Each structure stands twice: as C-alpha cells, then as structure tokens.
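# Working through the structure, step by step
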Amino acid sequence: MSAKDKKEGRKIVAENRRARHEYFIEDVVEAGLVLTGTEVKALREGKANIAESYASPEDDAIWLINANIPEYSAGNRENHEPKRKRKLLLHKREIARLAQAVERKGYTLTPLKLYFNARGRAKLELGLGQGKKLHDKRETSKDRDWSRQKQRLLKDLG
C-alpha cells in the first residue's frame, strides 16, 4: 500500500499491477460500483481479482467486465455470480468523454485498483490508456532498471 493510499484512508482489495506495464495510462478516473451485499462482504474479506478485467461503454453506461469477486464464504443460495458484469457509477460527462475516447481514439479502459475509501465505499480506479508495443515495454523496463541502479549507486556513495 502506498503512502498516498494510507493518507487518504484507502484499504486496497485488488490491484492490477500489469496495467501500467501493458498500457500508457493517460488519465485516471475514480468510479463507484453497483454491488450486491454478498459482493461487498467478499471484498471486505479481501478476495477479488481484476487482473484480466476491463471496462466497456454500453447503453449510456460503463460496465466492468470479467472482474472476479468470488462467492462470499458464509453466503447462502442467494450468493452472487463471481464474474458478472458490474455497472460503474460515473457522471454523464465522464461517461461520454470515456466512451468517446474508446470509440474514436482506440483507447482502453483498464481497472487499476479496487479499494474501499475512507467512508467505506467500494471504489474502482479506472485508467484510460493506449496499449504499448513490445519495444515500448522494453524501454520502460530499461528505464526502471536504470533508476533502481542509480538509487543503489547514490546510496553506496552517500
């Protein structure tokens, strides 16, 4: 958990660490989620996976697709379906802007983090980004390795 997350009172449930490796994230938006009771309880247990998920604009709304929130362990027959589509709560202008970017410019909506905010509401950090090519990924990892090596050298010298 980062210092920013601790400062803002976030409790991270799931994080998509590969998203920044796979995409150039240009804009980040915070969205609420429409969840059932057992989904919230399963999230509070810390069980969720957003690694293979994505968001898609459909019918004047944005939907989270393929996010895995496993069934609540103490649930009964009214338990939720683990990989169902979940509606994201955004303002109309944000929905229009994101849908336009996806349709016209070829961007992708990728979930970055799933967390509870300071008020206890489940939120999703959604990134608007373009896919990286193989040479871009190599360059990113090269830059990251060099910055790590620089930090080690500075630490050893100073």
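The sections below set out a description of the structure shown in this document. Predicted, not measured: the structure shown is a model, and the values here were computed from it.

Attention now goes to the pairing of strand β5 (residues 86-89). Where burial is concerned, the two faces of β5 differ: the one with Arg86 and Leu88 is buried and the one with Lys87 and Leu89 is not. Both strand β4 (residues 61-65) and β5 contribute to a ladder of 3 bridges, which runs antiparallel. Opposite Ile62, over in β5, you have Leu88 as the bridge partner.

With that settled, the discussion passes to the side chain of Glu125. When you line up the elements, Glu125 lands in strand β7 (residues 122-131). Those residues in contact with Glu125 that sit more than four places away from it in its chain are Arg10, Arg20, Val28, Val29, Thr110, Pro111, Leu112, Lys113 and Tyr115.

Next up on the list: the pattern of salt bridges. Under the defined criterion, the tally for this structure stands at 7 salt bridges. Note that Asp27 is salt-bridged to Arg97, the shortest N-O span being 2.7 Å. Separated by 70 residues along the polypeptide, Asp27 in strand β2 (residues 23-33) and Arg97 in helix α4 (residues 92-105) bring together distant segments of the chain. Asp27 gets classed as partly exposed once you look at its relative accessible area, which sits at 24%.

This part takes up α4. Between its terminal C-alpha atoms α4 stretches 19 Å, which fits the 20 Å expected from 14 residues at 1.5 Å a residue. When α4 is considered as a whole, its buried residues turn out to be Ile95, Leu98, Ala99 and Ala101. Down the axis of α4, the buried set is contained in an arc of 155°. They therefore lie on one face. Every exposed residue of α4 that faces more than 90 degrees away from the buried side is listed here: Lys92, Arg93, Arg104 and Lys105. Looking at the buried side of α4, the elements it contacts are β2, β3 (54-58), β4, β6 (108-116) and β7. Directly beyond the C-terminal end of α4, a positive phi value near 75° is found at Gly106.

This next bit is on the nonpolar core. Membership of the largest hydrophobic core comes to 27 residues, with the highest contact counts inside it found for Leu33, Leu43, Ile62 and Leu88. Put simply, the parts of the chain that give this core at least two residues each are β1 (11-15), β2, α3 (37-44), β4, α4, β6 and β7. In terms of residue count, the dominant contributor to this core is β7 (4 residues). Once you skip the residues sitting within four places of it in the chain, Ile62 turns out to touch Ala55, Ser56, Pro57, Arg86, Lys87, Leu88, Leu90, Ile95, Leu98 and Leu109.

How each quantity is defined
Per-chain numbering applies: the sequence of each chain, read as written, is numbered from 1 onward. In keeping with the model being predicted, local features are shown solely for residues with a pLDDT of at least 70 and side-chain atom pairs are shown and tallied solely at 80 or more, while totals for entire chains, interfaces and linings include all residues. Excluding hydrogens and water, the side-chain figures rest on all heavy atoms present in the structure. Only protein chains enter the area calculation, which uses a 1.4 Å probe; residues under 20% of their type maximum are buried, those over 50% are exposed, and those in between are partly exposed. Per the convention used, a helix needs a DSSP run of H or I reaching at least four residues, while a strand needs a run of E reaching at least two, with both numbered from the N terminus. At least two DSSP bridges between two strands are needed for those strands to be called paired. Any two residues whose heavy atoms approach within 4.5 Å are treated as being in contact. Note on definitions: salt bridges are taken to be side-chain nitrogens of Lys or Arg within 4 Å of carboxyl oxygens of Asp or Glu. One fewer than the residue count of a helix, multiplied by 1.5 Å, yields its expected span. Working note: the arc is built from the helix axis to C-beta atom directions. Here, nonpolar core means buried Ala, Val, Leu, Ile, Met, Phe, Trp, Tyr and Cys residues that are tied together by side-chain atoms lying within 4.5 Å of each other.

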